[in-house]
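Chain and residue survey
So you can see what is in the structure, the chains are spelled out below.
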Amino acid sequence: MNKILKKIMQILKITSISLVFLLFLNKVSFACDFLSINIGGNKSQIEKYFGPIETDEENVEEPNDVTIVSAEIDRFCPNSNLGNSFIRAFIVNDKIAGIIIGVLNGTDNEESKKQLLYNYVISNYGKIENSSRPDWTGYKVWKIGGKEIIYGKWYYRKKFLIEELQISNAEYKDYLIIE
């Protein structure tokens, strides 16, 4: 009987440790769940991360004027392990048109070489064929739950690596293009 009781206690101990670990992982992934952002929803849903978002009152005649706000990634995603990155939100007519998560690279592209955003992307959205090298360039598009996710890496002026993740939808995706 004593042997059975010890076995039950051991199973309960392993189960409780696993449960705590799973709850911790769930909290971390929830904090960085970019798909939970309601594209097309009211800007007030993200103002807790960016502060009050004021649209330009001078351009009232331009109903589709884009307001762009940026913050360090840790404001949106504390302890995200996305390195030196930022999040940029695009607001149109007081609606969330989309977000971009970008890596802030120096001249040596050290941040992208760490592959932190890349690893987040393949863990959360899916694999990208032949992309595991840090110097890979290209892009991948996913459509998940009515959202369009684009991950891309490309060189600007043959030296500076641009790496970003864009999340929007079919209605608003064109507003994420910065001229």
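Summary of the structure given here. (Residues numbered from 1 in each chain as written. Predicted model: local features only at pLDDT ≥ 70, side-chain atom pairs only at ≥ 80, totals over all residues. Heavy atoms only, no water.)

1. Overview of the overall build of the protein
- Of regular secondary structure, the protein possesses five helices and six strands.
- Secondary structure of the protein in N-to-C order comes out as α-α-β-α-β-β-α-α-β-β-β.
- Taking all 179 residues of the protein together, the buried fraction comes to 36%.
- Contacts in the protein between residues far apart in sequence, at least 24 positions, make up 48% of those at least 6 positions apart.
- Accessible area for the protein stands at about 11700 Å²; split by element, carbon and sulfur atoms hold 55% of it. (Helix = DSSP H or I, 4+ residues; strand = E, 2+ residues; numbered from the N terminus. Buried < 20%, exposed > 50% of the residue type's maximum accessible area, 1.4 Å probe, protein only. Contact = heavy atoms within 4.5 Å. Areas by Shrake-Rupley, 256 points an atom, 1.4 Å probe, with all protein chains shown as cover.)

2. Comments concerning the packing of aromatic side chains
- Using the criterion set out here, one finds eight aromatic pairs in the structure.
- With centroids separated by 5.5 Å and ring planes inclined at 20°, the aromatic side chains of Phe 34 and Phe 76 adopt a geometry described as stacked. Linking Phe 34 in the loop between α1 (2-31) and α2 (47-50) with Phe 76 in helix α3 (residues 73-76), this pair joins segments that are 42 residues apart in sequence.
- Under the relative-accessibility criterion, Phe 34 is labelled buried at 0%.
- When its relative accessible area of 7% is taken as the criterion, Phe 76 is described as buried.
- Aromatic side chains Tyr 120 and Tyr 125 sit 6.0 Å apart centroid to centroid with 75° between the ring planes, which places their arrangement in the edge-to-face category.
- Connected via pairs of aromatic rings, a cluster forms that spans Phe 34, Tyr 49, Phe 76, Tyr 120, Tyr 125 and Trp 142. (Phe/Tyr/Trp six-rings, centres within 6.5 Å; stacked < 30°, edge-to-face > 60°.)

3. Details of the pairing of strand β2 (residues 85-92)
- The buried fraction of β2 is high, at seven of eight residues.
- Relative to β2, strand β1 (residues 66-72) runs antiparallel, the two being bridged by seven bridges. Across the sheet, Val 66 pairs through a bridge with Val 92, a residue of β2.
- The pairing of β2 with strand β3 (residues 95-103) spans eight bridges and is antiparallel. Bridging from a neighbouring strand, Ile 87 pairs with Ile 101 of β3. (Pairing = 2+ DSSP bridges.)

4. Points about the pairing of strand β4 (residues 138-144)
- Where β4 meets strand β5 (residues 147-156), seven bridges bridge the pair, whose relative direction is antiparallel. Bridge pairing in β5 links Lys 143 to Glu 148.
- Hairpin connection of β4 to β5: two residues between the antiparallel strands, including Gly 145 at a positive phi of 55°.

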